[in-house]
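Residue-level structure breakdown
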Amino acid sequence: MELWDVYDINRNRIEGRVSARGSDDMKDDEFHLVIFAVVRNSENKLLCGLRDRNKMFGGTWEFCGGSALSGETSRQAAQRELLEETGLDVTMCQGSIIFQNTKYWPGSNWFYDVWLFDCDYDLSALTPQAGEVEELSSFTFDEVKRLLDDDNFTGITGEFIGAIEEKIKK
């Protein structure tokens, strides 16, 4: 069972309060933490995964991501998600949060952090996580933008594509 720490509106962890994934025990003023991890290599390409077709939004490309587990920091969650979904270890890579936002969903409000890691990788050495990711690929920013415009990239990316562009096109 996946457990999440619960936070107040100011991103303060509520001591001793956790919520189980899929439960409806969160109050309207409580949140959990979600991360998205963008990895840019030295060729200025971005690591992306094709969502498993059996998942919500299946068959669309996305940046790795997921919920932070109880006890994890945002960075630790980003590192874990990348390792689980791709096999890429970014613990020694330069990384920073480039965007933050809040989502209000009945029974499951969440904050999200978008991380950008600068890290070279060998795409052929990475392994997509079964049941989560069907395929891994590297795209230029313009290719990601085109996929997003054509509804072939997860829609939430539209909320933070500008922040990625600002960092990528410097």
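Residues numbered from 1 in each chain as written. Predicted model: local features only at pLDDT ≥ 70, side-chain atom pairs only at ≥ 80, totals over all residues. Heavy atoms only, no water.

A short note on the state of the cysteines
Under the convention used in this document: Any cysteine sulfur atom paired with another within 2.5 Å is treated as part of a disulfide. Helical segments are the DSSP runs of H or I of at least four residues, strand segments are the runs of E of at least two, and each set is numbered from the N terminus. Classification of residues uses two cut-offs on accessible area relative to the type maximum, computed with a 1.4 Å probe and protein chains only: under 20% is buried, over 50% is exposed, and between them is partly exposed.
Enumeration over the complete set of coordinates arrives at one disulfide. The partner cysteine of C93 in its disulfide is C119, sulfur to sulfur 2.4 Å. Of this pair, C93 sits in the loop between α1 (74–86) and β7 (94–103) while C119 sits in the loop between β8 (109–118) and β9 (133–139), and the two are 26 residues apart along the sequence. For C48, which is in no disulfide, the shortest distance to another cysteine sulfur is to C64 and amounts to 8.5 Å. By relative accessible area, C64 is classed as buried at 2%.

A few points about the packing of helix α2 (residues 141–149) against helix α3 (residues 157–168)
A pair of packed helices is captured by two measures, namely the crossing angle of their axes and the spacing between those axes. Keep this limit in mind: With axes taken as lines fitted to C-alpha atoms, and helix axes fitted only over the stretch in contact, angles between N-to-C directions fall between 0 and 180 degrees. When an angle is under 35 degrees it counts as roughly parallel; over 145 it counts as roughly antiparallel; between 65 and 115 it counts as roughly perpendicular; any other value is oblique. Rotating anticlockwise by less than a right angle from the far helix to the near helix defines a left-handed crossing, while the corresponding clockwise rotation defines a right-handed one. We call two residues contacting when some pair of their heavy atoms lies within 4.5 Å. Gly is put with the polar residues, along with every residue not named as nonpolar or charged; the nonpolar set is Ala, Val, Leu, Ile, Met, Phe, Trp, Tyr, Cys and Pro, and the charged set is Asp, Glu, Lys and Arg.
Contact pair α2 / α3: the axes reach a minimum separation of 11 Å and the direction vectors enclose 165 degrees. Judged by the angle between their axes, α2 and α3 are roughly antiparallel. α3 is crossed by α2, and the crossing has left-handed handedness. Touching F141, V144, K145 and L148 of α2 are T157, G158, I161, I164, E165 and I168, all from α3. A breakdown of the residues in the contact of α2 with α3 according to their chemical character gives six nonpolar, two polar and two charged.

What to know about the pattern of salt bridges
Just so we agree on the cut-off: Every case where a carboxyl oxygen of Asp or Glu lies within 4 Å of a side-chain nitrogen of Lys or Arg is listed as a salt bridge.
Using the criterion set out here, one finds 14 salt bridges in the structure. Salt-bridge contacts for R80 lead to E72; the nearest nitrogen and oxygen are separated by 2.6 Å. Across the pair, exposure class does not vary: R80 and E72 are buried alike. Linked through salt bridges whose partners overlap, the residues forming this network are E72, R80, E81 and E84.

What to know about unusual backbone geometry
Positive phi outside glycine occurs at N44, with the angle close to 65 degrees. With respect to the helices, strands and loops of the structure, N44 is situated in the loop between β3 (31–40) and β4 (46–51). The class of N44 is partly exposed, set by a relative accessible area of 31%.

Some thoughts on α3
When α3 is considered as a whole, its buried residues turn out to be T157, F160, I161, A163, I164 and I168. Buried positions along α3 lie against β3, β4, β7, β8 and α2.

Concerning α1
Just so we agree on the cut-off: Multiplying 1.5 Å by the helix residue count minus one yields the expected span of that helix.
Helix length check: α1 (13 residues) gives 18 Å between terminal C-alpha atoms against 18 Å at 1.5 Å per residue, within 8%. Considered for burial, the residues of α1 that qualify are S74, A77, A78, Q79, R80, E81, L82, E85 and T86. On its buried face, α1 sits against β3, β4, β6 (64–67), β7, β8 and β9. Taken from the residues just after α1, G87 is the one with a positive phi, measuring 85 degrees.

Concerning the nonpolar core
The line we're drawing: Only buried residues count toward a nonpolar core. Its members are Ala, Val, Leu, Ile, Met, Phe, Trp, Tyr and Cys residues joined through side-chain atoms within 4.5 Å.
Judged by nonpolar contacts, the single largest core of 24 residues is most densely connected at F63, V144, F153 and I164. When residues of this core are traced back to their parent elements, those giving at least two are β3, β4, β8, α2 and α3. Here the element with the most residues in this core is α3; it accounts for five residues. In terms of nonpolar packing, the next biggest core, distinct from the first, is built from 23 residues, I35, F111, F117 and Y121 among them.

Coordinates in, geometry out; function isn't part of it.
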